[in-house]
Amino acid sequence: MNVTFTRRYHFSASHRLDCEALSPQENRDVYGKCNNPHGHGHNYRVEVTVRGSIDPATGMVMNMTDLDALVGGSVVERFHLANLNADPLFQQEVPTTENLCRAIHRLLADRLPQGKLRRIRIEETENNFFEYAGEAARG
Ligand code: NI
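A short tour of the structure in this document, coming up. Everything numeric in this text was worked out from a predicted model, so none of it was measured.

Notes on the pairing of strand S4 (residues 117-123)
The side chains of a regular strand alternate between the sheet's two faces. For S4, a buried count of five out of seven residues is recorded, marking the element as mostly surrounded by other parts of the structure. As paired strands, S4 and strand S5 (residues 129-132) are joined by four bridges and run antiparallel to one another. Among the inter-strand pairings, Arg121 is bridged to a residue of S5, identified as Glu131.

So, in structure tokens, the structure goes:
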């Protein structure tokens, strides 16, 4: 019997949406204001959902302190007050929040027991949110 546990984290970062394969005009057409040369920032709200059976000894799916240490050390510290375009993860791809979702999923999936990570959900603004559950996700 699997139970899910979701915890919310926050970081603030800047980005500029600009694709190398496109001309400056095409980039302006595709990304609009998000292509502004000076970039812009977001207060990202990241939800990390883990899934598993309840540990009979602790009564928990995952120890919250352990999850905080993991997400803090590998995601929040990495991206808080950073320019996402400068991160090695975004040298080959545009730091859209779709790609950020997938990047965070990879960072955490590699550090959690196999199958434990259920989903990453990121709210970029009050009206935009993105989710990624991995390619092998089952319903
Ligand atoms: Ni943006």
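Concerning the coordination of the nickel ion
For the nickel ion, the protein coordination sphere consists of His15 (NE2), His40 (NE2) and His42 (NE2), at 2.0 Å. The sequence pattern formed by the donor residues of the nickel ion is H-x24-H-x1-H. Placement of His15 in strand S1 (residues 3-15) and of His42 in strand S2 (residues 40-52) is noted, with a sequence separation of 27 residues between them. In terms of burial, His15 and His42 fall into one category: buried.

Describing the packing of aromatic side chains
Using the criterion set out here, one finds two aromatic pairs in the structure. Geometrically, the ring pair formed by Phe11 and Tyr44 is tilted, given 5.3 Å between the ring centres and 40 degrees between the ring planes. With a gap of 33 residues between them, Phe11 in strand S1 and Tyr44 in strand S2 connect regions that are remote in the sequence. Neither Phe11 nor Tyr44 differs from the other in exposure class; each is buried. Centre to centre, the rings of Phe11 and Phe79 are 5.6 Å apart; their planes meet at 35 degrees, and the pair counts as tilted. On the criterion of sequence distance, the pair formed by Phe11 in strand S1 and Phe79 in helix H2 (residues 64-79) is long-range, its members being 68 residues apart. Ring pairing ties together the aromatic residues Phe11, Tyr44 and Phe79, which thus form one cluster. Note that Arg121 overlies the ring of Phe129, its terminal NZ or CZ placed 4.0 Å from the centroid.

Concerning the sheet that holds S4
Within a sheet, adjacent strands bond to each other through the backbone by hydrogen bonds, running parallel or antiparallel. What the five strands build is an open sheet, ordered S3-S1-S2-S4-S5; its pairing is mixed. Sheet topology places strand S3 (82-83) and S5 at the edges, where each strand pairs with a single neighbour. Where S1 lies against S3, two bridges are found, and the strand directions are parallel. Looking at S3, one finds that Ser14 is bridged to Asn83. Sheet strands in contact with H2 are S1, S2 and S3, and its direction is about 20 degrees off that of S1.

What counts as what
Residues numbered from 1 in each chain as written. Predicted model: local features only at pLDDT ≥ 70, side-chain atom pairs only at ≥ 80, totals over all residues. Heavy atoms only, no water. Buried < 20%, exposed > 50% of the residue type's maximum accessible area, 1.4 Å probe, protein only. Helix = DSSP H or I, 4+ residues; strand = E, 2+ residues; numbered from the N terminus. Pairing = 2+ DSSP bridges. Donors = N, O, S within 2.8 Å, 3.2 Å for Na, K, Ca; no water. Phe/Tyr/Trp six-rings, centres within 6.5 Å; stacked < 30°, edge-to-face > 60°. Lys NZ or Arg CZ within 6 Å of the ring centre and 35° of its normal. Contact = heavy atoms within 4.5 Å. Axes fitted to C-alpha atoms, helices over the stretch in contact; angles between N-to-C directions.

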